[in-house]
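In case you want the letters, here they are:
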Amino acid sequence: MGELVFLLILLILCAVCFVQTLSFPVSILDQSGGPALFPQIVLALLTLVIVIRLIQFFREKKHEHFVFRELFTGRRLFFFGSLIVYVFLFDFLGYILSTALFLVVTINYFYYVVKGNRGSVKAILVRNISAIAFSVIMYVFFANILHIMLPTGQLFV
């Protein structure tokens, strides 16, 4: 029953956020869909995944016991905490630096948790360079293709 309540809360949260995106200001000259386009796509996909999980939930005969506090322990707590730090650093450090830092820290942590070691120097370099490259590529995609302004950070102003 707990999972059902949690999924319904997420579904309501998606709906509220989607409604909020409808009020995002759009320039008359903007042909890209405006600043609301990407959040709407993400919210629509998240809603689709939640609906699929709800269908699975109702089709299952036996439901596992869902404990809400398990979402905030161990690895999940680390990820949730990292995400909160990322959100707070986002404006101060800017998109590229905060995203790269978030990805490097979380990817290396989870690699260590799953594998039990950090891996070879080559593997560490590939993981970290890939995370940094991903951050830069996403910045270019948002800024140059979607024309969405992302924070550059207060350190670089």
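Right above here is the structure, for reference.
Rules of the game
- Residues numbered from 1 in each chain as written.
- Predicted model: local features only at pLDDT ≥ 70, side-chain atom pairs only at ≥ 80, totals over all residues.
- Heavy atoms only, no water.
- Helix = DSSP H or I, 4+ residues; strand = E, 2+ residues; numbered from the N terminus.
- Rg over C-alpha atoms; globule rule 2.2 N^0.38 Å.
- Buried < 20%, exposed > 50% of the residue type's maximum accessible area, 1.4 Å probe, protein only.
- Areas by Shrake-Rupley, 256 points an atom, 1.4 Å probe, with all protein chains shown as cover.
- Lys, Arg positive; Asp, Glu negative; His and termini not counted.
- Charge placed at Lys NZ, Arg CZ, Asp CG, Glu CD.
- Patch = residues over 30% accessible without salt bridge, like charges linked within 9 Å, V, L, I, M, F, W, Y side chains within 5 Å.
- Salt bridge = Lys/Arg side-chain N within 4 Å of Asp/Glu carboxyl O.
- Contact = heavy atoms within 4.5 Å.
- Polar contact = N/O pair within 3.5 Å; in protein donor to acceptor, adjacent residues only side chain to side chain.
- Core = buried A, V, L, I, M, F, W, Y, C linked by side-chain atoms within 4.5 Å.
- Expected span 1.5 Å × (residues − 1).
- Axes fitted to C-alpha atoms, helices over the stretch in contact; angles between N-to-C directions.
- Parallel < 35°, antiparallel > 145°, perpendicular 65-115°, else oblique.
- Left-handed = near helix turned anticlockwise from the far one by under 90°.

(A) Layout of the overall build of the protein. Secondary structure assignment for the protein yields 5 helices and 0 strands. Ordered by position from the N terminus, the helices and strands of the protein form the series α-α-α-α-α. A globule of 157 residues ought to have a C-alpha radius of gyration of about 15 Å, yet the protein, at 19 Å, is considerably larger. Each of the three principal axes of the protein carries a C-alpha extent, and together these read 55 × 50 × 25 Å. Looking at the protein as a whole, 21% of its 157 residues are labelled buried. Of the roughly 11,400 Å² of accessible surface on the protein, a fraction of 73% belongs to carbon and sulfur atoms. Side chains of the protein give 11 positive and 6 negative charges; the mean places of these two sets differ by 13 Å.

(B) Up close: a nonpolar patch on the surface. On the surface, a cluster of nonpolar side chains totalling about 420 Å² of accessible area is made up of L37, I41, L45, L48 and I52. Residue placement: L45 occurs in helix α2 (residues 37-59).

(C) Structural context of the environment of N117. One can find N117 in the loop between α4 (95-115) and α5 (121-145). Residue contacts for N117: discarding those within four places in its chain leaves Y111 and Y112. Of the polar contacts made by the side chain of N117, one reaches the backbone nitrogen of G119; its length is 3.0 Å.

(D) Structural view of the nonpolar core. Membership of the largest hydrophobic core is limited to 9 residues, which are Y86, Y95, F102, L103, A131, F142, L146, I148 and L150. If you list the elements that add at least two residues to this core, you get α4 and α5. Examining the composition of this core, we find that 3 residues originate from one element, α4, more than from any other. In contact with Y95, not counting residues within four places along its chain, are Y86, F90, S135, M138, Y139, F142, L150 and P151. The next biggest cluster of nonpolar side chains, apart from the first, holds 7 residues, and it includes L7, C14, I50 and F57.

(E) Summary view of α4. The end-to-end C-alpha separation of α4 is 29 Å, in line with the 30 Å expected for 21 residues at 1.5 Å each. Buried residues of α4: Y95, S98, T99, A100, F102, L103, T106 and N108, and no others. Its buried side turned inward, α4 meets α3 (74-93) and α5. Within two residues after α4, G116 carries a phi angle of roughly 85°, on the positive side.

(F) Summary view of the packing of helix α1 (residues 2-21) against α2. Orientation of α1 relative to α2, taken along the N-to-C sense of each, is 160°, at an axis distance of 10 Å. Comparing their axes, α2 and α1 come out roughly antiparallel. Crossing geometry of α1 relative to α2 is assigned as left-handed. Contacts between α1 and α2 pair E3, L4, L7, L8, L10, L11, C14, C17, F18 and T21 from the former with P39, Q40, L43, L46, T47, I50, V51, R53, L54, F57 and F58 from the latter.

(G) Here's a closer look at the environment of S135. Take S135: it is sitting in helix α5. What makes S135 buried here is its relative accessible area of 0%. S135 sits 40 residues away from Y95 along the chain, and the two C-alpha atoms are 7.9 Å apart. Ignoring any residue separated from it by four or fewer positions in sequence, one finds S135 in contact with Y95, I96, T99, A100 and L103.

(H) The side chain of S82, seen in detail. One can find S82 in helix α3. Here S82 is in contact with F102 and T106, once residues within four sequence places are set aside.

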